[in-house]
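These are the residues of each chain, in order.
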Amino acid sequence: MNLDQFYFSPEVEEALRLSRPVLAMESTIITHGLPYPENRNFLQRANDLVRSFDVVPATVAVVGGSVCVGLGEEQESALFQNGELIKISLRDLGLALSQKTFGGTTVSATIYAAHSVGVPFFATGGIGGAHRGVEYSFDVSQDLFALSRYPVTTISAGAKAVLDIGKTREILETLSVPVVGFKTDEFPVFYSRSGGGKLSWSADSVEQLLSFLDHHYKIKTGSGVLVVNPPPEKFSMAVDFVESFVAKAVALADERGISGKGLTPFLLSEIDKETGGKSVETNVALALNNIQLGARLSAAFKPL
Ligand code: PSU
Ligand code: MN
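Everything in this summary refers to the structure shown in the same document. (Residues numbered from 1 in each chain as written. Chains lettered and ligands numbered in written order. Predicted model: local features only at pLDDT ≥ 70, side-chain atom pairs only at ≥ 80, totals over all residues. Heavy atoms only, no water.)

The next point concerns the overall build of the protein. When helices and strands are counted, the protein shows 13 helices and 13 strands. In summary, the protein has a C-alpha radius of gyration of 18 Å against a globular reference of 19 Å for 304 residues, a match within 12%. Referenced to the eigenvectors of the C-alpha coordinate spread, the extents of the protein come out at roughly 50 × 45 × 35 Å. When burial is assessed residue by residue, the protein has 55% of its 304 residues classed as buried. (Helix = DSSP H or I, 4+ residues; strand = E, 2+ residues; numbered from the N terminus. Rg over C-alpha atoms; globule rule 2.2 N^0.38 Å. Buried < 20%, exposed > 50% of the residue type's maximum accessible area, 1.4 Å probe, protein only.)

Here it is, written out as structure tokens:
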């Protein structure tokens, strides 16, 4: 594998060389998902949390012509000081490198980067999926495609509440992506612990989850696995409560003609305004909760 276009933070470089556990994390949540300064605090807390499990944090981002796997100080400040940050999905990755741009990688681009450098686990907030009205817009996130194409385990709080969850789950099934609940038999909907319907598979412990993963990857269907981890009780919101804000934000996006890659960031920031910051608090809490589970899995994982 040619890794010319990758940059590794010193700790990630060392961990990969010594086959020590590394957890991949995405950066669109930092560049487009959370407002400042919550995003900067989040990155700090995420790194500390991962390290507390003796796992090396590897936030993936594009900084001036390289795909960073792990951010050194220089890369981190470049990300926060650079005015124009772009949202980089799998399709954008090569082109963004050619233009030496700066930006956050989405779930799809981060899964690809993790796979390319041999990192088996990746934690995020919530994945993208089929947007409401997908039957007209055809707006289905590349996240679903990346989950089906690369054998990386993604830990999430389900799919973002702004989406059509039923259709998102149908597409995951069509793409042969297994979904496993961690200590739940219901599909969580980002801010809410349930609401996305019953799951076929659930694990009660890290050991059971690792056994699922072990057997899935041994049989080599080629896909990744989506682990769904409900947000912490204390921060979770009722489905009806969230729904009122989502419906309003979706209607506003429609009215303003917002579509494509700008849609998800717009909806999240509208919900932030409408909930008076409560959604951002929940977003941070659920993402950290996923990162914690990702770190536990990475620490306990024995490669095939
Ligand atoms: N999870 C969060 N906040 C986010 C995202 C995930 O808690 O902002 C990002 C992810 O990077 C995901 C992207 O890949 O939103 C989905 O965008 P789209 O719907 O345009 O594919
Ligand atoms: Mn989209």
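Summary: where empty space remains is shown by rolling a probe the size of a single water molecule over the atoms. Taken as a whole, this structure holds one cavity of 30 Å³ or more when the rule is applied. Looking at the largest cavity, its volume works out to about 60 Å³. Counting residues per element, the ones that place at least two in the lining of the largest cavity are helix H2 (28-33), helix H3 (38-51) and helix H13 (278-300). No other element matches H3, which puts three residues into the lining of the largest cavity. (1 Å grid on protein atoms, 1.4 Å probe; cavity = no way out; pocket = protein on both sides within 12 Å on 5 of 7 lines; lining within 4 Å. Points joined across faces, edges and corners; volume = space filled by probe spheres on them.)

What follows concerns the nonpolar core. By size, the foremost hydrophobic cluster in this structure holds 59 residues, and its most contacted members are Ile 111, Ile 127, Leu 147, Leu 172, Tyr 191 and Leu 226. Shared between two domains, this core takes at least three residues from each, and those domains are domain 1 (1-119) and domain 2 (129-151 + 159-304). For Tyr 191, the contacting residues outside a window of four places in its chain are Ala 161, Pro 231, Ser 236, Met 237, Val 242, Leu 268, Ile 271, Ser 279, Thr 282 and Leu 286. Counting 37 residues, the second-largest nonpolar core is a separate cluster that includes Ala 123, Val 206, Val 227 and Leu 288. (Core = buried A, V, L, I, M, F, W, Y, C linked by side-chain atoms within 4.5 Å. Domains from an automatic or database assignment. Contact = heavy atoms within 4.5 Å.)

Space inside the largest pocket adds up to approximately 520 Å³. Every residue lining the largest pocket is counted, 32 residues in all, and those nearest its centre are Lys 87, Ser 89, Thr 106, Ser 141 and Thr 264. When contributions to the lining of the largest pocket are tallied by element, the ones reaching two or more residues are H2, helix H6 (107-117), helix H8 (142-149) and helix H12 (263-274). When the residues that make up the lining of the largest pocket are grouped by side-chain class, the tally is seven nonpolar, 17 polar and eight charged. (Nonpolar A, V, L, I, M, F, W, Y, C, P; charged D, E, K, R; others polar.)

Attention shifts here to the pattern of salt bridges. Per the stated rule, a full pass over the model turns up 12 salt bridges. The shortest N-O distance in the salt bridge between Glu 243 and Arg 132 comes to 2.8 Å. Residue Glu 243 is located in helix H11 (residues 239-256), and its partner Arg 132 is located in the loop between strand S7 (121-123) and helix H7 (134-137); the two are separated by 111 residues in the primary sequence. Linking Glu 274 and Lys 248 is a salt bridge whose minimum nitrogen-to-oxygen distance equals 3.2 Å. In this pair, Glu 274 is assigned in helix H12 and Lys 248 in helix H11, connecting sequence segments 26 residues apart. Taken together, the shared-partner salt bridges connect Arg 91, Asp 92 and Lys 261 into one network. (Salt bridge = Lys/Arg side-chain N within 4 Å of Asp/Glu carboxyl O.)

With that settled, the discussion passes to H3. Between its first and last C-alpha atoms H3 spans 20 Å; for 14 residues at 1.5 Å apiece the expected length is 20 Å, and the two agree. Three or more residues of H3 are buried, namely Asn 39, Phe 42, Leu 43, Ala 46, Asn 47, Leu 49 and Val 50. An end-on view of H3 places all buried positions within 165 degrees of arc, on one side of the element. In this structure, the buried residues of H3 make contact with strand S2 (22-25), H2, strand S3 (56-63), helix H4 (73-81) and H13. (Expected span 1.5 Å × (residues − 1). Arc of directions from axis to C-beta.)

The next point concerns the site of ligand 1. Residues in close proximity to ligand 1 total 18 residues, the closest being Glu 26, Lys 87, Ser 141, Lys 160 and Thr 264. Take Val 107: an N or O atom from its main chain is 2.8 Å from an oxygen atom of ligand 1. Interatomic distance of 2.8 Å between a side-chain N/O atom of Asp 143 and an oxygen atom of ligand 1. Look at ligand 1: alone it shows 480 Å² of surface, and the protein chains cover 95% of it. Judged by its atoms lying within 2 Å of the grid points, ligand 1 is housed in the largest pocket. Going through the elements one at a time, H2 and H12 are the ones with two or more residues in the shell around ligand 1. By residue class, the composition of the shell around ligand 1 is four nonpolar, 10 polar and four charged. Taken together, domain 1 (1-119) and domain 2 (129-151 + 159-304) each give at least three residues to the shell around ligand 1, which thus spans both. (Near = heavy atom within 4 Å. Polar contact = N/O pair within 3.5 Å; in protein donor to acceptor, adjacent residues only side chain to side chain. Areas by Shrake-Rupley, 256 points an atom, 1.4 Å probe, with all protein chains shown as cover. Sits in = over half its atoms within 2 Å of the grid points.)

In this section: the pairing of S3. Regular strands place their side chains on alternate faces of the sheet. Burial within S3 is extensive, with eight of its eight residues counted as buried. The pairing of S3 with strand S4 (residues 66-69) spans four bridges and is antiparallel. The residue bridging Ala 61 from the neighbouring strand is Cys 68, located in S4. The pairing of S3 with strand S6 (residues 102-105) spans three bridges and is antiparallel. Looking at the pairing, Val 62 lines up with Gly 103 of S6. (Pairing = 2+ DSSP bridges.)

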